[in-house]
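# Notes for the structure review
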Amino acid sequence: MKVALVTGGSRGIGAAISFELASLGNKVFVNYSKSAEKALEVVECIRSSGGWAEAVKGDVSVPSDVDSMVRSIREEAGGVDILVNNAGVTRDNLILRMKEEDWDYVMDVNLKSAFLVTKAVLKDMMKKRWGRIINISSVVALIGNPGQTNYCASKAGLIGFTKALAKEVGTRNITVNAVCPGYIETDMTVSLPQDVKDKLLEAVVLGRFGTPEDVAGIVGFLSTEKASYITGQVFVVDGGLSL
Ligand code: NAP
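An account of the accompanying structure is given in this report. Computed from a predicted structure; not experimentally measured.

### Quick notes on the pattern of salt bridges
Overall, the coordinates contain six salt bridges when judged by the stated rule. Among the salt bridges present, the one from Arg-47 reaches Glu-54, with a minimum N-O distance of 3.6 Å. Here Arg-47 falls in the partly exposed class, since its relative accessible area comes to 41%. The class for Glu-54 is partly exposed, based on a relative accessible area of 24%. Taking the shortest distance from any N to any O, the salt bridge between Arg-208 and Asp-214 comes out at 2.9 Å.

So this is what it looks like as structure tokens:
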């Protein structure tokens, strides 16, 4: 059994990824920072269908949280094999109104976290000469979005991070890929005004918004042996929104 860590696995896309990785036979550590109840629901749901899961608390933008979380996983299960850097937040505003703290918060949770968590798990992967790192970016990293300079920069940063890291660790049989979801219905997008949603939907070639499961499928695939010759790539899962 491989050991998977899904950051921000308590809700939305991260929860669907946790279910998918558990259904593929992995031990799944479901990370959360605030939503303990939701994380436990994900864990219970996986266990009730015969899978293995455990919730792990930790703010992925805080180095000491990351270190103790990864240490506890190592002690319990022997090191992370599959890391999904999924935790993410938004603090939208036009740049002239954006506060420095909103810039820093989004960069820390979305981008610095990937550096911290990856660094913490990488030695174990290198020793095992096997690893999968999947970074959840966003289609707006590629096409931009007004009101999201901080978010787009953090998600574009994850793509650069993915490519550089893929080149660093490829010879150790560790693959690193990025997945860019389009508009997916989760807590993150639920509060967008209806007129914005209607306009967005017009641009989605497949005529519907995505579900967390639409994203989880490719993440599951990238975690498997079948994807062992794929690295440094960016996979857009947006129903054709960016075409
Ligand atoms: P969501 O429903 O808002 O869930 C966000 C998750 O991140 C939660 O599990 C949350 O856990 C966790 N999280 C937030 N801050 C954290 C922190 N400091 N430390 C640890 N965990 C933290 O968001 P989502 O829509 O599923 O998004 C998941 C990922 O996909 C994000 O990276 C997002 O940017 C990306 N994405 C989403 C969409 C979309 O349309 N929904 C599109 C493109 C990309 P707690 O509640 O416990 O903090």
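What follows continues from the structure just given.
### As for a nonpolar patch on the surface
Where nonpolar side chains cluster on the molecular surface, the patch consists of Leu-142, Ile-143 and Val-236 and spans about 250 Å² of accessible area. Looking at where Leu-142 falls in the secondary structure, it is placed in helix 5 (residues 140-143). A relative accessible area of 47% places Leu-142 in the partly exposed class.

### Some words on the site of the ligand
By nearness alone, 31 residues border the ligand, and Ser-33, Ser-35, Asn-86, Tyr-151 and Thr-186 come closest of all. The backbone of Gly-8 places a nitrogen or oxygen atom 3.1 Å from an oxygen atom of the ligand. Here an oxygen atom of the ligand and a backbone polar atom of Lys-34 are 2.7 Å apart. Coverage of the ligand by the protein amounts to 95% of the 890 Å² it exposes when considered alone. The cavity that encloses the ligand is the largest pocket. In terms of residue count, the dominant contributor to the shell around the ligand is helix 7 (residues 187-190) (three residues). Residues of the shell around the ligand, tallied by class, amount to twelve nonpolar, 14 polar and five charged.

### Observations regarding the layout of surface pockets
As a volume, the largest pocket reaches approximately 1400 Å³. As for the largest pocket, its lining consists of 50 residues, and the residues nearest its centre are Gly-88, Val-89, Thr-90, Tyr-151 and Met-188. Where the lining of the largest pocket is concerned, the elements lending two or more residues are helix 1 (12-23), strand 2 (27-32), helix 4 (100-128), helix 5, helix 6 (149-169), helix 7 and helix 8 (194-203). Taken together, the residues of the lining of the largest pocket sort by class into 22 nonpolar, 22 polar and six charged. What lines the second largest pocket is simply Phe-115, Thr-118, Lys-119, Leu-122, Lys-123, Met-126, Phe-161, Leu-165 and Glu-168. Those elements giving two or more residues to the lining of the second largest pocket turn out to be helix 4 and helix 6. For the lining of the second largest pocket, the element with the most residues is helix 4, which contributes six residues. In terms of residue class, the lining of the second largest pocket is made up of five nonpolar, one polar and three charged.

### A word on the nonpolar core
Judged by nonpolar contacts, the single largest core of 29 residues is most densely connected at Ile-17, Leu-21, Val-84, Val-179 and Val-219. Those elements giving two or more residues to this core turn out to be strand 1 (3-6), helix 1, strand 2, helix 2 (36-48), strand 4 (82-85), strand 5 (131-136) and helix 9 (212-222). At six residues, helix 1 tops the list of elements feeding residues into this core. Apart from the residues lying within four places of it in its own chain, the contact partners of Leu-21 are Ala-4, Val-6, Asn-26, Val-28, Ile-82, Val-84, Gly-220 and Ser-223. Core analysis: the next-biggest nonpolar cluster, separate from the first, contains 27 residues, Ala-87, Ala-114, Ile-133 and Val-176 among them.

### As for the sheet that holds strand 3 (residues 52-57)
If you trace the seven strands from one edge of the open sheet to the other, you get 3-2-1-4-5-6-7, paired in parallel fashion. Each end of this open sheet is capped by a strand with a single partner; those strands are strand 3 and strand 7 (234-237). With direction set aside, neighbouring strand axes in the sheet form an average angle of 20 degrees. Direction of pairing for strand 2 relative to strand 3: parallel, over a ladder of six bridges. Within strand 3, the residue paired with Phe-29 across the bridge is Glu-54. Across the sheet, helix 3 (residues 63-77) lies against strand 1, strand 2 and strand 3, angled at about 150 degrees from strand 3, the strand it touches most. Each of strand 5, strand 6 (174-181) and strand 7 touches helix 6; the most contacted strand, strand 6, lies at about 160 degrees to it.

Cut-off values and rules
Residues numbered from 1 in each chain as written. Predicted model: local features only at pLDDT ≥ 70, side-chain atom pairs only at ≥ 80, totals over all residues. Heavy atoms only, no water. Salt bridge = Lys/Arg side-chain N within 4 Å of Asp/Glu carboxyl O. Buried < 20%, exposed > 50% of the residue type's maximum accessible area, 1.4 Å probe, protein only. Patch = residues over 30% accessible without salt bridge, like charges linked within 9 Å, V, L, I, M, F, W, Y side chains within 5 Å. Areas by Shrake-Rupley, 256 points an atom, 1.4 Å probe, with all protein chains shown as cover. Helix = DSSP H or I, 4+ residues; strand = E, 2+ residues; numbered from the N terminus. Near = heavy atom within 4 Å. Polar contact = N/O pair within 3.5 Å; in protein donor to acceptor, adjacent residues only side chain to side chain. 1 Å grid on protein atoms, 1.4 Å probe; cavity = no way out; pocket = protein on both sides within 12 Å on 5 of 7 lines; lining within 4 Å. Sits in = over half its atoms within 2 Å of the grid points. Nonpolar A, V, L, I, M, F, W, Y, C, P; charged D, E, K, R; others polar. Points joined across faces, edges and corners; volume = space filled by probe spheres on them. Core = buried A, V, L, I, M, F, W, Y, C linked by side-chain atoms within 4.5 Å. Contact = heavy atoms within 4.5 Å. Pairing = 2+ DSSP bridges. Axes fitted to C-alpha atoms, helices over the stretch in contact; angles between N-to-C directions.

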